[in-house]
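Structure at a glance
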Amino acid sequence: MRWVLIGASTIAGEWMVGAIRAVGDEVVAVVSGDLQRAKDFATKHGIAHALTDEKAYPALGVDAVYISSTNEKHEASTLFAAAQGCHVLCEKPLATSLEAAIRMVQACRKAGVVMGTNHHLRHNGPHRVMREHLRAGTLGKLVAARMQHSVYLPVHLQGWRLDNPTAGGGVVLDIVVHNADSLAFLLGEYPVEVCAMVSNSGMAHGLEDNAMSVWHFASGVTASSHQGFNTPYAATGLELHGTHASLHGNGMMSQHPSGDLVLNNARGSEVLAVQRANLYEVCLNEMHRAIRGEAHDMADGVAGAKSLAVALAVLESARTGRQVAVADVDALLGHS
Ligand code: NDP
């Protein structure tokens, strides 16, 4: 497949150019709002075309777009790509409002193109082994999940995430969506209600850089989700606790293939074998399956809208001090 990159971004340069090539695809062009940045990016990564206007890429014969501009720009690029008949892999959060995300999903549906959301964590080895154990019933009745996803935002990324609400800054939109997708992948459901508190540790300006929330699922499961930008020594993790066993995943909420998984039950403690693979390459291979019409594990556009709905509910709960129902994306899509 021939790809165009929308956004001369860090994630595109650090991960996605390599991943696209590793799965056998081609990066044809990069589009940036700044010509020099586009040229620098294209030179650095050996990309033939450096563009400043999306309208120029259809002439190049492109099959798919990867959108990693700041979040408020994702919608327009998705609508344009869909109108060109291009498949879309869009970064998370899909947008800064649920209405925009719904429009993106609808546009891709109408155009008959595949829309993916780059929720890479579900492709990490420990997530996959956790899901196998859940499906096999190893844990008994699942009672609770705990997610630790508080990190240190690298210095080179300490920009719009910390001070630009219009671009979708703040740790909630940035990381809660990943946590929601991780649990949806494992549990097969999204929370129906959340309550949350957020705080500012001094890294962000006028936005939250730390957040904790508790989520309630229709199945009765309760989950806690901690995400932060200013905790250099907080390890990440995901735990699942059932009536027969617990799974402890340590260090598994990362861009790298990482994490150890331990099963604890009446027989003791067992370290489980986990396969390691580049998460973004797995994501692209799953997208290829989706495009071929095969069963796949890619987070699609609907999954991206649902993870955004959870993050928006977390923000509303923190703002109002109330428990907040998570918007029903299926109903919104069905009704519109
Ligand atoms: P960056 O800040 O690196 O890039 C975002 C945009 O900022 C770019 O598209 C670019 O605009 C502009 N930009 C980049 N460098 C500069 C610069 N030096 N000066 C001025 N503007 C600049 O963002 P990220 O790569 O961190 O994130 C991009 C998207 O990807 C977000 O939606 C984010 O949430 C998501 N993301 C997803 C991850 C995942 O694992 N799924 C991980 C990290 C990010 P232009 O295009 O006009 O050049």
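Bear in mind the structure is a predicted one, so any value in this text is a computation, not a measurement.

As a further point, take the pattern of salt bridges. Applying the stated criterion to the full structure yields 12 salt bridges. When the shortest N-O distance is used, the salt bridge between Arg 128 and Glu 286 registers 3.8 Å. Taken together, the residues Arg 128 in helix α5 (residues 125-136) and Glu 286 in helix α8 (residues 279-291) connect sequence positions 158 residues apart. Residue Glu 294 is joined to Arg 292 by a salt bridge in which the shortest nitrogen-to-oxygen separation is 2.9 Å. With relative accessibility at 38%, the residue Glu 294 sits in the partly exposed group. Each of Lys 92, Arg 161 and Asp 174 takes part in salt bridges that share partners, so that together they form one network.

Glancing now at the pairing of strand β14 (residues 268-272). Two faces, one strand: in a regular strand the side chains alternate between the faces of the sheet. Two strands pair when backbone bridges link them, and strand β13 (residues 260-265) and β14 are joined in this way by 5 bridges, in the antiparallel orientation. Residue pairing in the sheet places Val 262 in a bridge with Val 271 of β14. What sits between the antiparallel neighbours β13 and β14 is a turn of 2 residues.

Here we come to the site of the ligand. Taken together, 26 residues form the shell around the ligand, and within it Thr 10, Ser 32, Gly 33, Asn 71 and Tyr 280 come nearest. Within the side chain of Thr 10, a nitrogen or oxygen atom sits 2.4 Å from an oxygen atom of the ligand. For the ligand, whose unbound accessible area comes to 890 Å², protein coverage reaches 77%. Elements that contribute at least two residues to the shell around the ligand include exactly α1 (10-22), α6 (160-163) and α7 (171-187). The class makeup of the residues in the shell around the ligand is 7 nonpolar, 14 polar and 5 charged.

What counts, and where the lines are drawn
Residues numbered from 1 in each chain as written. Predicted model: local features only at pLDDT ≥ 70, side-chain atom pairs only at ≥ 80, totals over all residues. Heavy atoms only, no water. Salt bridge = Lys/Arg side-chain N within 4 Å of Asp/Glu carboxyl O. Helix = DSSP H or I, 4+ residues; strand = E, 2+ residues; numbered from the N terminus. Buried < 20%, exposed > 50% of the residue type's maximum accessible area, 1.4 Å probe, protein only. Pairing = 2+ DSSP bridges. Near = heavy atom within 4 Å. Polar contact = N/O pair within 3.5 Å; in protein donor to acceptor, adjacent residues only side chain to side chain. Areas by Shrake-Rupley, 256 points an atom, 1.4 Å probe, with all protein chains shown as cover. Nonpolar A, V, L, I, M, F, W, Y, C, P; charged D, E, K, R; others polar.

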